[in-house]
Amino acid sequence: MPARLPLFFAAICISLFTYQAGASTSSPVVTPAISAITQTSPAPLTQQSFAQWRAALRMEALNQGITPLLFEQAFAGLSPDPQVLAADQSQPEFSRPVWEYLDSAVSSWRVARGKALLAEHAKTLQAIEERFQVDPSVLVAVWGMESSFGRQIGSKNVIRSLATLAYEGRRSDFWRGQLIAALHILQEGDIAINGMIGSWAGAMGQTQFMPSTYRQYAIDFDGDGRRDIWGSSADALASAANYLRLSGWQHQQSWGFEVQLPTRGFDYALADGEHSMSLQQWLDLGVIPRDSSDARNITQDVATLFLPSGHQGPAYLLLNNFRSILKYNNSTSYALAIGLLANALQGDYRVPSNWPKHDRMLSRQERIELQTLLNQLGFDSGKPDGIIGVNSRQAVRGFQKTQGLPADGYPNEAILNSLRRVAAQRP
Ligand code: CA
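Here the structure is a predicted model, which is why all the values come from computation and not from measurement. (Residues numbered from 1 in each chain as written. Predicted model: local features only at pLDDT ≥ 70, side-chain atom pairs only at ≥ 80, totals over all residues. Heavy atoms only, no water.)

(A) How the structure looks around the overall build of the protein. When helices and strands are tallied, the protein shows 19 helices and 7 strands. Residues classed as buried in the protein amount to 57% of the 427 residues present. Counting contacts in the protein only where the partners sit at least 6 residues apart, residues at least 24 apart contribute 71% of the total. About 17700 Å² of surface is accessible on the protein, with carbon and sulfur atoms providing 49% of the total. (Helix = DSSP H or I, 4+ residues; strand = E, 2+ residues; numbered from the N terminus. Buried < 20%, exposed > 50% of the residue type's maximum accessible area, 1.4 Å probe, protein only. Contact = heavy atoms within 4.5 Å. Areas by Shrake-Rupley, 256 points an atom, 1.4 Å probe, with all protein chains shown as cover.)

Next comes the structure, spelled out in structure tokens:
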């Protein structure tokens with residue numbers, strides 16, 4: 001069920017969340033949930049005590065079929081976890097550039113380990129591919145990104161984490177729903193209470209599924225009667241395959257590829273993620289695949305243009321399978337990392353060209369200033385919150401057009417300086 005949120009500007013999303021709290025928080029449903037944290041809902045005026053809150057939750061859980069015994073066992077001696085709350089509330093000042101994120105995502109260690117595991121689990125992966133029609137390389141890439149191939153599955157008690165977030169965190173309804181789902185999983189007997197461990201945000205096992213995702217998509221592939229995404233790599237890989245299949249994965253199709261854009265007169269606003277066109281239409285605009293073999297056999301898909309670091313960096317045409325990966329984790333940097341890692345696992349890694357590494361990332365404070373200036377100048381970027389989402393990018397594009405700049409919607413230091421200049425010149 002991963003909630004769909006607008007595509008956040010990837011580098012920011014990644015750095016705010018994935019890396020601050022460790023690899024295991026980059027996970028299905030976690031990213032949407034965590035992204036939404038920034039859209040803060042007000043804290044309740046009167047804070048219930050934990051005991052009062054627990055009593056109300058117990059009633060709700062029992063109404064939904066949880067037994068009193070299971071509830072008491074799961075909540076025995078349980079108190080809110082201050083580390084979870086701190087992780088929930090952290091707002092790092094600096095974001096990490098997308099190229100640094102990709103360097104660590106598609107590291108030589110991860111590629112080598114992934115290749116070894118592709119070989120080691122070839123038989124299982126082939127059986128999974130036959131049943132779910134999802135390519136082994138993308139499954140192993142997801143496995144590597146979510147939990148370093150099962151090495152980092154988190155060590156937090158999921159019930160405690162979710163109870164903390166539901167009690168004190170922002171967006172408590174979401175967490176409460178996940179908590180009830182987690183209780184159902186325990187009651188269904190797939191995992192013991194002390195085995196249900198995960199990230200601080202309740203993402204579980206080698207696939208880092210949230211409890212609601214688990215209930216909907218997890219698979220018992222090794223046939224022991226339990227859907228064990230913690231201890232069974234076969235179950236985890238099949239669960240990821242089931243998720244991607246139901247998110248529209250097209251077997252043996254590409255996720256996208258790097259392209260070169262015309263050097264003159266190209267409308268960078270076409271890379272806003274809204275413009276879907278056939279591959280031929282993109283080619284007609286002068287967009288050229290970096291490797292001519294990439295465009296072969298792609299006839300029925302529509303593609304969108306993606307500039308991960310603005311017009312100065314590499315450009316990608318994205319196909320349907322990229323959108324399936326985004327349903328796993330709604331971060332464009334994450335999906336790009338999965339795509340590039342999957343390619344690398346097949347021995348086909350193409351280092352993206354021309355990252356604008358001279359371009360310093362804006363700090364959170366600067367992003368807020370950028371949004372404030374855009375608003376002042378009549379380009380609606382929404383409430384200044386330091387998160388560069390769809391509205392902010394659209395506002396940047398509007399400003400860039402009035403200045404005769406490439407309208408890529410990418411907020412960097414040069415754009416911030418232009419905004420400052422224009423705002424200062426205003427009467
Ligand atoms: Ca199993």
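Let us keep going from here.
(B) Structural view of the coordination of the calcium ion. The protein atoms that coordinate the calcium ion are Asp220 (OD), Asp222 (OD), Asp224 (OD), Arg226 (O), Asp235 (OD) and Asp235 (OD), at distances of 2.2 to 3.1 Å. Considering all 6 donor atoms around the calcium ion, angles at the metal cover 45 to 163° and the coordination shape is irregular. All donor residues of the calcium ion come from one chain, and their arrangement in sequence is D-x1-D-x1-D-x1-R-x8-D. Here Asp235 lies in helix H13 (residues 233–246) and Asp224 lies in the loop between helix H12 (211–217) and H13, a separation of 11 residues in the sequence. Taking the relative accessible area as the measure of exposure, Asp235 reaches 0% and is therefore buried. (Donors = N, O, S within 2.8 Å, 3.2 Å for Na, K, Ca; no water. Tetrahedral: all angles 85-135°; square planar, octahedral: opposite > 155°, others 65-115°.)

(C) Fine view of the pairing of strand E6 (residues 302–306). Counting buried residues along E6, 4 of its 5 residues qualify, which places the element largely inside the surrounding structure. As judged from the 2 bridges shared by strand E4 (residues 277–278) and E6, these two strands associate in the antiparallel manner. Note that in E6 the partner of Met277 across the bridge is Ala303. Across 3 bridges, E6 lies against strand E7 (residues 315–318) in antiparallel orientation. (Pairing = 2+ DSSP bridges.)

(D) Here's a closer look at the environment of Ala74. Locating Ala74 in the fold gives a position in helix H4 (residues 68–75). Along the chain, Ala74 and Ala192 lie 118 residues apart, while their C-alpha atoms are 9.7 Å from each other. With residues up to four places along the chain from it excluded, the contact list for Ala74 reads Ile159, Leu183, Leu186 and Ile193.

(E) Looking closely at the environment of Asp222. Assignment of secondary structure puts Asp222 in the loop between H12 and H13. On the basis of relative accessible area, Asp222 is assigned to the partly exposed category, the value being 40%. Taking the C-alpha atoms as reference, Asp222 lies 6.3 Å from Asp235; in sequence the two are 13 residues apart. Residues contacting Asp222, with those up to four places away along its chain left out, are Ser232, Ala234 and Asp235. Only 2.9 Å separates the side chain of Asp222 from the side chain of Ser232, close enough to count as a polar contact. (Polar contact = N/O pair within 3.5 Å; in protein donor to acceptor, adjacent residues only side chain to side chain.)

(F) Quick look at H13. The end-to-end C-alpha distance of H13 is 20 Å, a good match for the 20 Å that 14 residues give at a rise of 1.5 Å each. With 12 of 14 residues buried, H13 is to be regarded as a mostly interior element. When we look at burial in H13, the residues that qualify are Ser233, Ala234, Asp235, Ala236, Leu237, Ala238, Ser239, Ala240, Ala241, Asn242, Tyr243 and Leu244. On its buried side, H13 packs onto helix H8 (122–132), helix H9 (136–147), H12 and helix H15 (320–328). Positioned one or two residues after H13, Gly248 has a phi angle of 90°, which is positive. (Expected span 1.5 Å × (residues − 1).)

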